[in-house]
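Coordinate analysis (summary)
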Amino acid sequence: MKTTTEQRLYFERLVARAEQEISQQPEQYKRRLQNLVYLGYAVILGLLASLVLLAGGTIWLALSSSALLLLLLKTKLIIVLLVVLWVLVRSVFIKLPRPQGYALERDRYPRLWAEVDQLSKTLSTPPIHQILLNAQMNASLIQTPRFGLLGPTENTLIIGLELLLALSTQQARSVLAHELAHLSGNHSKFAGKIYRLRQNWFTIHQAFIQANAWGTEIIRHFFAWYAPYFAGYSYALARNNEYEADYIASRLTSREAAASALVAVNVLGELTQQQFWTPLFTRPYSQSQPESQIYTLLQQFYQQTEGNTEEFKRYLHKALQRQTEINDTHPALMERLKALKLANLPASHSDATHTTHEAKAITWLEPERATVFKHFNRQWVDTYGAHWDDLHERSKLARKTVNQLKMRLYEELSTHERWQLAQLTDEYLIEQDALPLYQHYAQAHPEHLQADLAIGRLLLERGDSSGIAYLEQAMREPSLQLAAAETAWRFYSKQQQTEHSKQWLIQLEAATDRLNAARQERAELPTTADLIEPSPESLSQLKPLVASLAKHKNVQALWLAEKQVAYFPNYPVYVVAVKIRGFVLNREKLQAKLLNELDSPIDLFLINSLAHKKLFKQASTVGRRLD
């Protein structure tokens with residue numbers, strides 16, 4: 001199986017090849033892409049044809065020749081036919097996920113639907129069947145086949161509440177025009193088809209992965225190859241689609257509106273994340289009750305930021321510096337603005353959203369705007385309220401513990417207390433600086449690499465690249481590699497230091513692969529597993545955990561062994577083997593009861609002498625008895 005890095009590099013090479021072909025040999029590129037489309041449809045139609053022929057043939061045999069039907073029954077070939085028929089049914093009629101969101105019905109939101117209907121009529125698009133609202137600063141169009149892989153599609157327009165709160169009506173109209181342009185009769189028919197197929201193949205691929213149902217293996221493997229390949233090879237055309245959709249949106253509204261819409265979505269999305277959502281999620285540390293009117297606060301936030309020209313310019317500068325990555329279907333902001341040939345960029349939030357001249361797009365939800373706010377406010381509390389309460393309670397306990405520790409001299413604190421002081425300050429007392437505490441701790445305990453990880457992270461958060469050295473030190477500990485590599489990769493990506501970013505991305509991907517392999521290794525105990533003798537430390541650690549298990553009436557004796565693992569061997573996987581005594585009527589029920597006796601936070605398997613004879617024999621031979 002290819003590593004994550006190998007898969008990414010393969011995908012990038014495929015995209016680069018497509019970019020070269022579309023620029024140098026556009027007709028050949030289009031022809032090859034068309035052949036890929038035919039291949040996908042051929043597989044689906046082949047499945048359908050096989051299903052029809054097999055079902056029809058079986059019925060015909062049954063009706064035309066009772067002797068042949070009897071032969072099929074006697075030789076059990078009828079079972080084979082039924083199995084194949086079932087496989088085809090499962091493959092063709094796999095259930096695809098439906099788009100999720102708050103439904104905006106036509107009769108309750110006439111103003112929004114009037115906007116969409118007018119754009120749809122002008123652009124000659126297929127009908128929009130439903131409009132859903134979610135909480136994002138975005139809009140999208142999703143087509144979902146009605147009957148598994150077959151049948152007509154249902155067109156769903158998804159609009160973000162943040163988008164409607166932040167943008168003017170003219171701005172939002174341009175965004176909707178861009179999305180609908182992908183379905184437009186004015187759009188390149190071939191480009192529009194590819195746009196829709198990219199989405200459909202990906203949806204089908206994900207559906208097969210999630211279903212993982214028996215009988216879909218062959219078609220699942222096909223789409224595991226086909227969907228990523230089609231996505232990669234069609235990336236070049238997908239980027240061109242975005243430029244074309246921008247152009248169509250500019251024709252329907254204006255070039256200034258289309259350009260400022262792009263600026264607003266890119267700039268205000270990042271500004272909102274950094275200045276509204278991030279500070280909001282620090283409030284549980286000091287505020288006991290979660291905010292109940294979150295989207296009213298967000299609306300006020302946009303009103304307050306409209307006059308902050310300098311802040312807008314700062315975020316705009318960052319957005320304009322971003323370059324298009326090889327796997328970006330949407331080109332970077334600067335490239336899209338250049339394609340629109342805009343003379344002047346917006347200099348403020350007000351300029352970007354035309355707020356000095358017209359209302360925000362949220363007015364499209366009248367007369368039901370209050371109902372929408374009520375729904376999304378309640379949804380936010382339902383999603384984050386419990387976490388807010390839990391974090392506030394933990395923060396109170398942490399502050400109490402930190403205050404108690406600080407009442408003593410630092411030199412008097414134990415190793416555990418010094419680490420606790422640094423960690424609690426870092427996690428819960430966000431107004432205080434935990435870096436000196438970690439640094440003092442690391443000086444006394446250089447072997448504790450988790451301190452290096454924390455120091456490196458805090459230094460990079462301040463823009464201090466000296467933190468990289470600490471992360472490199474933390475990488476010596478396998479269990480910290482994922483966090484260290486991700487922290488360094490994000491830092492260099494934000495700094496747009498491409499080469500350093502790529503180097504750390506490779507390490508991040510390798511760490512991710514190791515972690516996934518380790519999880520898989522620890523998730524199962526096959527009968528072929530190699531068991532080894534546990535260490536004395538393991539025995540002393542496990543004895544208290546299995547004490548209650550030893551008292552069970554059906555437990556005669558216990559042994560402890562370890563599963564030999566290739567990944568993270570410093571973190572053992574334990575195997576507790578139970579010798580059963582007495583008569584057992586229900587083995588599965590007994591196993592469940594024995595598992596309930598264990599309350600272990602570590603990786604542990606429980607086997608017994610009745611249900612796992614081979615493993616039990618090995619564990620009782622190489623393991624240590626727990627007396």
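Residues numbered from 1 in each chain as written. Predicted model: local features only at pLDDT ≥ 70, side-chain atom pairs only at ≥ 80, totals over all residues. Heavy atoms only, no water.

Here's the deal with the overall build of the chain
Scanning the chain from terminus to terminus reveals 26 helices and nine strands. For the chain, the proportion of its 627 residues judged to be buried stands at 46%. In the chain, the proportion of contacts linking residues at least 24 apart, taken out of those at least 6 apart, comes to 73%. Summed over its atoms, the accessible surface of the chain is roughly 32,700 Å², and 54% of this surface lies on carbon and sulfur atoms. (Helix = DSSP H or I, 4+ residues; strand = E, 2+ residues; numbered from the N terminus. Buried < 20%, exposed > 50% of the residue type's maximum accessible area, 1.4 Å probe, protein only. Contact = heavy atoms within 4.5 Å. Areas by Shrake-Rupley, 256 points an atom, 1.4 Å probe, with all protein chains shown as cover.)

Observations regarding the environment of Glu242
Among the secondary structure elements, Glu242 is positioned in helix 10 (residues 235-252). For Glu242, the side chain forms a polar contact with the side chain of His330, separated by 3.4 Å. (Polar contact = N/O pair within 3.5 Å; in protein donor to acceptor, adjacent residues only side chain to side chain.)

Thoughts on the packing of helix 12 (residues 294-305) against helix 16 (residues 369-406)
Contact geometry of helix 12 with helix 16 gives a least axis separation of 7 Å together with a crossing angle of 115°. When the axes of helix 12 and helix 16 are compared, the pair comes out roughly perpendicular. Counting all contacts with helix 12, which are made through Ile294, Tyr295, Thr296 and Gln299, the residues of helix 16 involved are Arg369, Phe373, Phe376, Asn377 and Trp380. Classifying every residue of the contact of helix 12 with helix 16 by side-chain character gives five nonpolar, three polar and one charged. (Axes fitted to C-alpha atoms, helices over the stretch in contact; angles between N-to-C directions. Parallel < 35°, antiparallel > 145°, perpendicular 65-115°, else oblique. Nonpolar A, V, L, I, M, F, W, Y, C, P; charged D, E, K, R; others polar.)

Section: the environment of Thr122
For Thr122, the location among the structural elements is in helix 5 (residues 110-123). Expressed as a C-alpha distance, the spacing of Thr122 and Ser184, which sit 62 residues apart in the sequence, is 8.9 Å. Within polar-contact distance, the side chain of Thr122 engages the backbone oxygen of Gln118 at 2.9 Å.

Let's talk about the pattern of salt bridges
In the structure shown here, the tally under the stated rule is 25 salt bridges. With its nearest N and O atoms 2.7 Å apart, the salt bridge here joins Arg32 to Glu21. Here Arg32, found in helix 2 (residues 26-64), pairs with Glu21, found in helix 1 (residues 4-24); they are eleven residues apart in sequence, far enough to count as distant. Since its relative accessible area comes to 38%, Arg32 is described here as partly exposed. One salt bridge connects Asp433 with Arg462, and the closest N-O pair in it is separated by 2.5 Å. In this pair, Asp433 is assigned in the loop between helix 17 (415-428) and helix 18 (435-444) and Arg462 in the loop between helix 19 (449-461) and helix 20 (467-474), connecting sequence segments 29 residues apart. Within this structure, Arg8, Glu12 and Glu509 form a network of salt bridges that share partners. (Salt bridge = Lys/Arg side-chain N within 4 Å of Asp/Glu carboxyl O.)

Details of the side chain of Glu509
Locating Glu509 in the fold gives a position in helix 22 (residues 498-523). In this structure Glu509 comes out as buried when scored by relative accessible area, which is 7%. Within the local environment of Glu509, its side chain forms a polar contact with the side chain of Thr5, the two groups lying 2.5 Å apart. Sequence-distant contacts of Glu509, defined by excluding residues within four places in its chain, comprise Thr4, Thr5 and Arg8.

Side note on the packing of aromatic side chains
Inspection of every chain in the model, using the stated rule, returns 22 aromatic pairs. Consider the rings of Tyr102 and Phe376, whose centres lie 5.9 Å apart with planes at 65°: the pair is edge-to-face. Residue Tyr102 is found in strand 1 (residues 102-103), and its partner Phe376 is found in helix 16; the two are separated by 274 residues along the sequence. On the basis of relative accessibility, which here comes to 14%, the residue Tyr102 falls in the buried class. Residue Phe376 is classed as buried on the basis of its relative accessible area of 2%. Among the aromatic side chains, those forming a connected cluster through ring pairs are Tyr102, Phe276, Trp277, Phe281, Tyr295, Phe301, Tyr302, Phe376, Trp380, Tyr384 and Trp388. Its end group placed over the ring of Tyr10, Lys2 keeps NZ or CZ at 4.4 Å from the ring centre. (Phe/Tyr/Trp six-rings, centres within 6.5 Å; stacked < 30°, edge-to-face > 60°. Lys NZ or Arg CZ within 6 Å of the ring centre and 35° of its normal.)

Take it as geometry only, folks, not as evidence of what the structure does.
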